[in-house]
Amino acid sequence: VLSHNLCTVLNVPHDPVALEEHFRDDDEGPVSNQGYMPYLNKFILEKVQGNFDKVEFNRMCWTLCAKKNLSKSPLLISDEDAFKVWVIFNFLSEDKYPLIIVPEEIEYLLKKLTEAMGAGWQQEQFDRYKIALNISREGLSAWELIDLIGSGQFSKGMDRQTVSMAINEVFNELILDVLKQGYMLKKGHKRKNWTERWFVLKPNIISYYVSEDLKDKKGDIILDGNCCVEALPDRDGKKCLFLIKCLDKSFEISASDKKKKQEWIQAIQTTVNLLRGGSPPPHKEARQKRKELRQKLLAEQEELERQMRELQTANENKQKELETVRKQLEAAAARAAEEEKKRLQTQVELQDRFSLELEREKMVRQKMEEQVAQKSSELEQYLQRVRELEEMYKQLQDALEDEKQARQDEETVRKLQARLLEEESAKRAELEKWHLQQQQTIQMTEAEKQELENQRMIKEQALQVAMQQLEQLELERKEALEQYEEVKKKLETAANNTKSWKDKVAHHEGLIRLIEPGSKNPHLITNWGPAAFTEAELEQRQKSWKGKKATSE
């Protein structure tokens, strides 16, 4: 039945044999859409020539689907108006399944309906509806669009008849390609009388009927690029005249008023211009432009999304790189912390070593103080020896009284002088050896001091590099240096004390001399030891001996 009706509406010859042949092996039940579509495409749709009534075809499709999908709730529009909205939906919907009408086309349709009803367009109301629609879905189905218009949401204050007339007007324009329609007077070609007719302007033809119900068609005015329209002056009691010139004949028409006359002239001239340029009707061209604009915007949006995905991918890669860099920085920070720990440990070790060296230097200072104390003890012993020598000097004076004893003593002195010279040479060699040892000790002390100074300079350079991070260590180093200066001052004080001891001994130089390295000049040796008297004293003693000797003789 469906195939027979489709063939009838589409003016295609029906072939029941092909139908039976196509479905002859299917004995399991009703045929599915997927099974019927190949037959529909091959045996029906491919044979369509285009010379069929599209309204009747739409009405048949409406009959098939309306009962199942049309809302059961009461609507403000009739079933006929719902059918026209459904056909308009098929014209304005997107070319993809499932069919939907996007918000831009919904806005266009509602504006056309509002304009046809003579009401004002509520843009804010539609914007709120559009926002709510975009949140939940991309567009509306045919049945949702019928519910929207039938609910009266955008036609408040309008009666059913006004809404129906607006739907019919938009249906005529978009579906039937009616560019303009209305009553006008037409002059006959034979009897030259004026008769009122209902004129319908389409993209390539003007049809005129007895009335607007379009049941009794009286004729057509075929339009092409060679046609023209021009205004005529008023004559024979007729006003608002204009003339439509075609190749075979011309038509005189009278409008009801000047406004209608101008509207019809402009509409017909626009239609002729479109025919000359080979352009589609305005509403189809506008729809195509809106579609191209949406496709362009969609392509731009897809390109933007692609760029955003690329940017997101690049951002993720950058994030990964930053994460890698962060990990590397953390590893570097860990290594730096480890190095810092090692450096601090090294610094502590150096500080401990410096403290040990300070302790060692302190011990050296204590040894030097002990040596100074030992020298003081030796000085006391030396002073004791001086006292003993003075006692021996008194005894020598008693012995010199005896001349004989003096000669023996003189001979003894000569022998003793030779022996004392030898002893003094040995002692001088020993003193020089001790002096060399003392100089070596001093040089070793100076070398150690220089080494400590060099190490201190190295430490200062190392500490200057890490000055900001080791201020506390710097203070400790300064304290250590202050301690070192105090030690140095104490050493200088000890040296000054030793020098003061030397000064005190120098007062007794007429009697004794400090043990020190001998000079290169020949030394004198007496019975009291080497260098016990000066040359002046010995000469004075010698003169005294000679005087006593002469007196005794």
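It should be noted that the structure appears before, not after, this text.
None of these values were measured; they are calculated from a predicted model.

Reading the values: the criteria
- Residues numbered from 1 in each chain as written.
- Predicted model: local features only at pLDDT ≥ 70, side-chain atom pairs only at ≥ 80, totals over all residues.
- Heavy atoms only, no water.
- Disulfide = S-S within 2.5 Å.
- Buried < 20%, exposed > 50% of the residue type's maximum accessible area, 1.4 Å probe, protein only.
- Helix = DSSP H or I, 4+ residues; strand = E, 2+ residues; numbered from the N terminus.
- Core = buried A, V, L, I, M, F, W, Y, C linked by side-chain atoms within 4.5 Å.
- Contact = heavy atoms within 4.5 Å.
- Expected span 1.5 Å × (residues − 1).
- Pairing = 2+ DSSP bridges.
- Axes fitted to C-alpha atoms, helices over the stretch in contact; angles between N-to-C directions.

Draft legend 1. Local environment of the state of the cysteines. Applying the stated criterion across every chain, the model contains zero disulfides. C61 provides the cysteine sulfur closest to C65, a residue in no disulfide bond, and the two sulfurs are 7.1 Å apart. Since its relative accessible area comes to 18%, C65 is described here as buried. Unpaired in this structure, C227 has its nearest cysteine sulfur neighbour in C246, at a distance of 3.4 Å.

Draft legend 2. Summary view of unusual backbone geometry. Positioned with a positive phi, D177 is a non-glycine residue whose angle comes to about 60°. Of note, D177 is situated in the loop between α9 (160-174) and β1 (180-187). When its relative accessible area of 15% is taken as the criterion, D177 is described as buried. For D236, which is not a glycine, the phi torsion comes out positive at approximately 50°. Its location among the elements puts D236 in the loop between β5 (228-232) and β6 (241-245). Take D236: its relative accessible area is 67%, and that puts it in the exposed class.

Draft legend 3. View of the nonpolar core. Ranked by internal contacts, the top residues of the largest apolar core, which has 40 residues, are W62, W86, L92, I106, L109, I146 and I149. Within the residue set of this core, elements represented by two or more residues are α4 (54-69), α5 (79-92), α6 (103-117), α7 (123-136), α8 (142-150) and α9. In terms of residue count, the dominant contributor to this core is α5 (nine residues). Once you skip the residues sitting within four places of it in the chain, I149 turns out to touch V85, L109, L110, L113 and I167.

Draft legend 4. Structural view of α6. Its 15 residues give α6 an end-to-end C-alpha distance of 21 Å, which sits within 8% of 21 Å, the value for a rise of 1.5 Å per residue. Among the 15 residues of α6, eleven are classified as buried, and the element is accordingly described as predominantly covered. Where α6 is concerned, the buried positions are P103, E105, I106, E107, Y108, L109, L110, K112, L113, T114 and M117. The positive-phi residue at the C-terminal boundary of α6 is G118, with phi of around 75°.

Draft legend 5. Structural view of the sheet that holds strand β7 (residues 250-254). The strand order across the open sheet formed by seven strands is β4-β3-β2-β1-β7-β6-β5, and the pairing between neighbours is antiparallel. The sheet is open, and its two borders are formed by β4 (217-222) and β5, each paired with just one other strand. On average, each strand axis in the sheet is tilted by 35° relative to the strand beside it, whichever way the strands run. Where β1 and strand β2 (residues 194-202) come together, eight bridges link them in antiparallel fashion. Its bridge partner lying in β2, G182 is registered against F199.

Draft legend 6. Structural context of the pairing of β1. Residues K180, G182, M184 and K186 line the buried face of β1, whereas the alternating positions Q181, Y183, L185 and K187 sit on a face that is not buried. Remark: six residues form the turn of the hairpin made by β1 and β2, two consecutive strands paired antiparallel; K192 in that turn has positive phi of roughly 60°. Note: β1 against β7, two bridges, orientation antiparallel. Bridge assignment links L185 to a residue of β7, and that residue is S254.

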